[in-house]
Amino acid sequence: MQNLQQSQKGKAGLNKSFMRSLLCLSVAAACSQANAQQSEGFQSVEEGMEVVEVRGIRASMAESLAVKRMSNAVVEAITAEDIGKFPDKNIADSLQRVPGIIIQRDGGEGATVSIRGLNSDLTLTQLNGNFIASSPGKPSRSFDYKLLPSSMIGRVEVFKTPEARLDEGGVGGSVILHSRKPLEMDANSGIINIESTYADVTEDHEPQFAGLYSWKNEDETFGILAGYTKQDRTNRTLSGDMYYSMYTADPEDRANGTAQALDANGNPVDDAYYWNTVTDASGKQYEGYWLPRGLRTGVVKEDREREGIQISSQWRPTDRIELGVNYFGFTLGQNRTMSYVDMPEWHYRPDRLVGMTVDETDSIITGADFSATASGNEVALEFPWYRGGYQRIENSSDTVDLNFNYLGDSFSAKFVVGNTKAEGGPTEDWKVAYKSHRSEARLDANGNVMTDANGNTLYNHNNASQTAGWSLTNDTISMYLDPDTLTNIQNGLGGTPDRGSISSGWEQSELEETYAQLDLDFDVDWGPVNRLRTGLKYRNTELERFTGDTLWWTPGLSPDEVANLEEGDTYDNDTNGPGVPAFKDVINDNPEDNIIGGFNINLMPTINWDKYREIVRSNYQDYYWEKQIYDYSIEEDITAAYVQADFDHNSLRGNLGLRYVRTERATLSNEINEYFLDYYDDVTGEELPEDVRQYEVINPVTVEKTETHLLPSLNLVWDASDNLVVRAAAAKTIARPDYFELGREEALAYTSEKWAEDRGEFGDTEGFEGRGGNKNLDSFESVQFDLSVEYYYGEGSALGMALFHKDIDNFIVPMQISYSRYFDGEPGVVEAGDITISPYNTWANGSNAKSKGVEVFFQHNFDSGFGVYGNYTYNDTNQADVSFNGQKIGESVLVGSAEYQYNLSAFYENDSFSVRASYNKRGDVVLGKVNGLDEIQDAYDQVDLNASYSINEALSLQASVINLTESESKSYLGDDSKARLYNASYAGRRFYVGLNYNF
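Conventions we followed
Residues numbered from 1 in each chain as written. Predicted model: local features only at pLDDT ≥ 70, side-chain atom pairs only at ≥ 80, totals over all residues. Heavy atoms only, no water. UniProt positions renumbered as here; feature names shortened; annotations may be inferred. Helix = DSSP H or I, 4+ residues; strand = E, 2+ residues; numbered from the N terminus. Rg over C-alpha atoms; globule rule 2.2 N^0.38 Å. Contact = heavy atoms within 4.5 Å. Pairing = 2+ DSSP bridges. Axes fitted to C-alpha atoms, helices over the stretch in contact; angles between N-to-C directions. Core = buried A, V, L, I, M, F, W, Y, C linked by side-chain atoms within 4.5 Å. Buried < 20%, exposed > 50% of the residue type's maximum accessible area, 1.4 Å probe, protein only. Arc of directions from axis to C-beta. Polar contact = N/O pair within 3.5 Å; in protein donor to acceptor, adjacent residues only side chain to side chain. Phe/Tyr/Trp six-rings, centres within 6.5 Å; stacked < 30°, edge-to-face > 60°. Lys NZ or Arg CZ within 6 Å of the ring centre and 35° of its normal. pLDDT = per-residue confidence, 0-100. 1 Å grid on protein atoms, 1.4 Å probe; cavity = no way out; pocket = protein on both sides within 12 Å on 5 of 7 lines; lining within 4 Å. Points joined across faces, edges and corners; volume = space filled by probe spheres on them. Nonpolar A, V, L, I, M, F, W, Y, C, P; charged D, E, K, R; others polar. Expected span 1.5 Å × (residues − 1).

Going by what an unreviewed UniProt entry lists, the protein is known as TonB-dependent receptor and is assigned to Bowmanella pacifica. Of the protein, the UniProt comment under Sequence similarities (unreviewed entry) reads exactly: "Belongs to the TonB-dependent receptor family." Turning to the protein, the UniProt annotation filed under Subcellular location (unreviewed entry) states: "Cell outer membrane".

Laid out in structure tokens, this is it:
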């Protein structure tokens with residue numbers, strides 16, 4: 001459907017009203033029935049679970065093991081070692097030691113969580129049982145663990161098998177974070193934590209603070225808890241990247257479609273991106289080789305300011321009734337500078353390319369050397385290409401919920417209503433690029449332009465670098481620049497602004513969910529069934545993504561003049577003002593230093609963003625301009641109902657349930673067709689005006705989609721003996737597509753024959769290429785089975801093994817493909833008919849995927865105070881079919897899956913001292929396909945240390961080292977060779993030391 005219909009809006013409104021009315025009536029009925037019951041004293045509504053305060057590593061491990069043992073599902077648990085003292089500085093870092101869990105890092109911090117080898121978007125994370133909005137700049141269904149201070153969390157549960165009463169959305173599993181509550185804590189208790197952190201990549205010492213205070217009255221019927229955290233941190237990530245890999249082929253074979261890429265083993269590779277045969281200065285030709293489109297070395301520095309606030313209250317006016325209000329507010333401010341040195345594909349030409357090196361299979365190019373005088377005459381050496389960016393980002397997340405609990409003689413009722421909202425993104429966003437040359441026409445003594453014998457203009461190229469080159473050998477992305485480059489730039493050589501790479505664009509988002517839930521639990525005596533659970537839940541989610549530009553233009557414009565501003569009206573196109581600052585005026589006096597990982601480079605000039613912004617601000621005024629063409633919006637209405645029977649008979653216990661879910665979604669974004677017609681005037685040779693060179697056509701498109709799912713689940717536990725527990729589970733689960741995958745605009749770019757002729761040296765070819773979201777993506781569906789055995793042989797000691805099997809349909813794969821479809825045509829440019837789009841970046845659904853494996857864990861406490869625990873997970877996935885628009889386009893393994901992972905921790909603890917060393921490793925992870933090649937993240941391992949010394953009963957000294965091993969993350973293209981190094985990054989080794997005061 002192309003447009004949202006008013007009738008559908010009305011229908012959605014009726015659905016909302018009906019659900020709200022139904023929930024209100026259910027609560028009223030429950031309260032009416034509850035008032036007729038006799039009071040026998042209020043107990044915790046959450047399973048009647050006794051709250052036990054634990055301290056220390058051993059006690060925390062013992063409690064976590066007890067939660068696992070007594071659960072009716074396959075559950076892992078992590079508990080705080082003390083109030084405000086979670087086992088790690090980041091919740092995700094603690095979770096990575098749970099069997100089957102992999103974390104993804106951002107700036108060295110754990111950011112997202114994957115379970116049993118599945119993508120992090122398939123992990124449902126909730127705070128106190130409900131969704132919490134995060135990641136507003138680039139909205140995602142994944143929770144951003146960087147936003148949540150670990151000091152606010154008392155317990156974490158990981159459900160690997162679902163129950164009908166739990167929200168759907170976690171095909172991999174569900175992570176439920178439990179915050180502390182005032183009636184669970186002593187009156188006038190809390191913590192104060194002060195720490196300093198240091199990282200080798202920044203060499204900065206920075207503070208952080210956490211405080212928590214809890215009060216309750218003498219009757220323990222009313223309590224308030226307040227928590228606050230503040231953290232200042234500088235993250236610095238060093239990375240080397242390849243744009244992507246392309247295959248060199250004869251131009252005629254490319255033109256007639258007979259070119260065939262082969263991997264290092266001689267196997268054909270479909271959907272490869274092709275490049276014409278390359279010739280170097282000696283005349284040597286490179287045909288049939290994999291060649292980087294370009295390489296980049298980069299330093300990203302982030303000054304982060306994170307604050308968190310928690311306010312929770314509980315009131316028990318009677319023994320049967322409890323009311324609660326919770327508020328969580330998080331802000332994350334970032335000043336981010338990005339500095340890059342690039343060597344794109346521009347100079348794969350004999351007048352600049354000195355030569356190239358290849359790998360041992362003679363199929364992959366692993367190095368290239370360039371010179372401005374490769375052909376004997378000096379030409380423009382346009383790279384190294386110096387790029388940079390600056391962002392000021394403000395993100396916030398606010399969540400508030402009200403809950404009502406009633407405990408009757410034979411039933412309990414719980415009603416929760418809440419709202420969570422995240423918003424933010426860049427408030428400033430600058431990007432600029434400079435080339436390494438500055439070509440100027442030569443003038444004779446009379447000021448006339450000089451020409452050669454053929455009438456061609458002669459130039460002084462003012463190259464800042466006479467030589468440059470790159471290498472992918474020794475498992476490292478390396479670059480070298482002419483050692484005089486920085487001095488030459490400071491003296492005014494080079495520095496041509498790359499106007500196509502200068503912008504002040506930004507994107508911001510608002511993600512909001514309003515939810516209401518009613519749960520009714522009835523104590524029954526139906527043979528083995530002792531409890532019947534029922535419930536309803538309604539969620540309305542609205543996402544708005546905005547894009548635009550900050551236009552820096554003439555100061556003091558009138559309102560009418562401002563209204564007439566359009567894209568392109570910014571300082572880099574100003575012919576009457578100073579325009580883009582000269583490179584020599586904004587380059588840092590010294591090159592980037594302290595490059596201790598990620599890449600190698602002999603010299604790295606970078607931009608001083610304080611100087612750059614000051615020059616532009618002093619000459620221009622900023623005007624807000626919403627771009628709109630890249631905006632999108634998504635609205636979802638989710639209705640769910642469930643019934644679950646808990647049973648217990650002799651040594652058997654568990655639950656059987658069914659969950660009904662209906663999802664109504666409307667997605668609105670734009671379809672953009674860009675046409676690149678002609679670049680140079682055929683007569684004068686000058687660049688044509690932009691509105692003559694190219695134009696675009698924009699059409700908004702709305703797609704509505706409704707999905708209905710029935711999700712059965714069974715969890716069966718056999719307490720075979722006092723020490724032996726056997727579990728079996730079967731269930732169907734779903735997870736919805738990520739917002740960006742659904743909402744991203746579809747953009748097609750057509751390059752004409754004339755444009756391709758003018759820009760052929762830059763690799764432009766006639767035809768279509770594009771990118772786009774996929775509004776018709778289906779939700780992931782998984783049918784899963786689990787079988788496990790656990791042996792508990794002492795306090796805090798156990799071992800076990802679990803088998804799991806998942807059949808997954810509709811899994812989502814990022815693809816760069818070639819595909820054909822019908823095109824309506826564009827008058828005077830392209831005739832209607834079938835077209836081939838290559839490359840096309842999008843997402844597609846896969847089917848018939850299988851993920852099966854085994855988990856093994858052990859945990860042992862010695863009487864001496866020593867202890868050890870560890871786990872190993874093996875995950876086997878198949879090659880599954882991938883389809884786009886109903887057609888099979890290839891095969892892929894499950895994106896985000898790792899074949900194996902293991903964790904091992906050893907600790908020692910006595911009354912005053914504790915220390916723990918943790919080692920974790922995960923195997924290769926497939927991240928998607930790039931031009932027919934799998935992107936494979938290399939195996940990664942890391943060691944962390946934690947220590948604590950109790951000065952007295954209340955005061956303790958703490959210290960930690962994160963990434964003691966200085967591990968780097970690396971990825972490659974293709975499973976046939978590691979010569980195509982795609983990315984290498986290092987975020988540093990970080991040290992913490994601080995004091996923790998309990999009262």
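After that view of the structure, there is still more to cover.
> I keep staring at the overall build of the protein and nothing clicks. Help me out?
Counting its secondary structure elements, the protein contains eleven helices and 55 strands. Against the 2.2 N^0.38 benchmark of 30 Å for 999 residues, the protein shows a C-alpha radius of gyration of 31 Å, consistent with a compact globule. C-alpha atoms of the protein, sized along the principal axes, occupy 105 × 65 × 65 Å. Partitioning the intrachain contacts of the protein with sequence separation of at least 6 by distance along the chain shows that 74% fall at a separation of at least 24.

> Looking at this structure, I do not really get the sheet that holds strand β11 (residues 245-249). What am I missing?
A sheet is described by the order of its strands in space; here three strands give the open sequence β14-β11-β17, paired in mixed fashion. Two strands in the sheet have a free side with no partner beyond their single neighbour: β14 (274-276) and β17 (290-292). Averaged over all neighbouring strand pairs, the angle between strand axes comes to 50°, with direction disregarded. Bridge analysis of β11 against β17 gives three bridges, and the strand direction is antiparallel. Residue S245 lies in a different strand from β17, and its bridge partner there is P292.

> Teacher, can you tell me more about the nonpolar core here?
Soluble globular proteins tend to pack their nonpolar side chains together in the buried interior. Membership of the largest hydrophobic core comes to 77 residues, with the highest contact counts inside it found for Y348, M356, W470, Y571 and Y612. The element best represented in this core is strand β23 (residues 411-435), accounting for four residues. Leave out the neighbours within four places in its chain, and W470 touches P292, L295, M343, Y348, I365, T366, G367, A368, F370, S478 and M479. Core analysis: the next-biggest nonpolar cluster, separate from the first, contains 38 residues, A133, A735, Y739 and I808 among them.

> Would you mind going over helix α8 (residues 609-619) with me for this structure?
Residue pairs three or four apart in sequence face the same way in an α-helix, which turns once every 3.6 residues. Looking at α8, one finds that the buried residues are W609, Y612, R613 and V616. Looking straight down α8, one finds that the buried residues subtend no more than 90° of arc, so they occupy a single side. Opposite the buried face of α8, by more than 90 degrees, sit the exposed residues D610, E614 and S618. Contact partners of the buried residues in α8: β19 (321-344), β22 (385-407), β23, β30 (529-553) and α7 (583-586). Regarding α8, its N-cap is N608, as a side-chain oxygen of that residue lies 3.1 Å from the backbone nitrogen of D610 further along.

> Would you mind going over the packing of aromatic side chains with me for this structure?
Aromatic rings considered in pairs are described by the distance between their centres and by the relative angle of their planes. Inspection of every chain in the model, using the stated rule, returns 36 aromatic pairs. Between Y571 and Y612, the aromatic rings sit 6.3 Å apart at their centres with planes inclined by 70°, giving edge-to-face as the arrangement. One end of the pair, Y571, is in the loop between α6 (559-563) and α7; the other, Y612, is in helix α8, with 41 residues separating them in the sequence. Across the pair, Y612 and Y571 agree in class, each one buried. Taking the centre distance of 4.9 Å and the plane angle of 55° together, the rings of W609 and Y612 count as tilted. Here W609 and its partner Y612 are both found in helix α8, three residues apart, which amounts to about one turn of the helix. The buried category is assigned to W609, whose relative accessible area is 4%. Overall, the relative accessible area of 0% leaves Y612 in the buried class. Lying across the ring of Y515, K537 places its NZ or CZ 5.7 Å from the centre.

> Quick question: what am I supposed to make of the sheet that holds strand β7 (residues 173-179) here?
Strand pairing in a sheet relies on backbone hydrogen bonds, with the paired strands running either antiparallel or parallel. Taken in spatial order, the five strands of this open sheet run β1-β6-β7-β4-β5, and their pairing is mixed. Each having just a single partner strand, β1 (75-79) and β5 (130-131) make up the two edges of the open sheet. Where strand β6 (residues 153-159) and β7 come together, six bridges link them in antiparallel fashion. Each bridged residue has a counterpart across the sheet, and for E157 the counterpart in β7 is I176. The strands touched by helix α2 (residues 57-70) within the sheet are β1 and β6, with β1 carrying the most contacts at an inclination of about 155°.

> Even after reading the chapter, I still don't get the environment of N576, so can you show me in this structure?
With respect to the element layout, N576 can be found in the loop between α6 and α7. Placed 234 residues apart in sequence, N576 and N810 show a C-alpha to C-alpha distance of 55 Å.

> Is there a simple way to explain the confidence of the model for the protein in this structure?
Per-residue pLDDT for the protein has a mean of 87; in total, 92% of the residues score no lower than 70. Segment residues 1-54 is flagged for pLDDT under 50; beyond a separation of four residues in sequence, or across chains, it makes 80 contacts in the model.

> Help me understand empty space enclosed by the protein, please; the structure alone is not making it clear to me.
One pass over the structure, following the stated rule, counts eight cavities of 30 Å³ or more. The volume enclosed by the largest cavity comes to roughly 400 Å³. Lining the largest cavity are 22 residues, with S64, A77, I78, Q859 and Y869 positioned closest to its centre. Elements represented by at least two residues in the lining of the largest cavity include exactly α2, β1, β43 (849-861) and β44 (866-877). Of the residues forming the lining of the largest cavity, the biggest block, six residues, is contributed by α2. Residues belonging to the lining of the largest cavity are distributed by class as follows: eleven nonpolar, six polar and five charged. In this structure, the second largest cavity encloses a volume near 220 Å³.

> Whenever I open this one, α2 confuses me. Can you help?
For α2, with 14 residues, the first-to-last C-alpha span of 20 Å sits near the 20 Å given by 1.5 Å per residue. What α2 keeps buried is the set I57, S60, M61, S64, L65, V67 and K68. Within α2, the buried residues cover an arc of 155° as seen down the axis, which keeps them to one side.

> Where do I start with the pairing of strand β49 (residues 925-930) in this structure?
With five of its six residues buried, β49 lies for the most part within the structure. For β49 and strand β50 (residues 933-937), the ladder comprises five bridges, and the chain directions are antiparallel. By the bridge assignment, V925 is partnered in β50 with Q937. Linking β49 back to β50 in an antiparallel pair, the connection comprises two residues, with N931 at a positive phi of about 50°.

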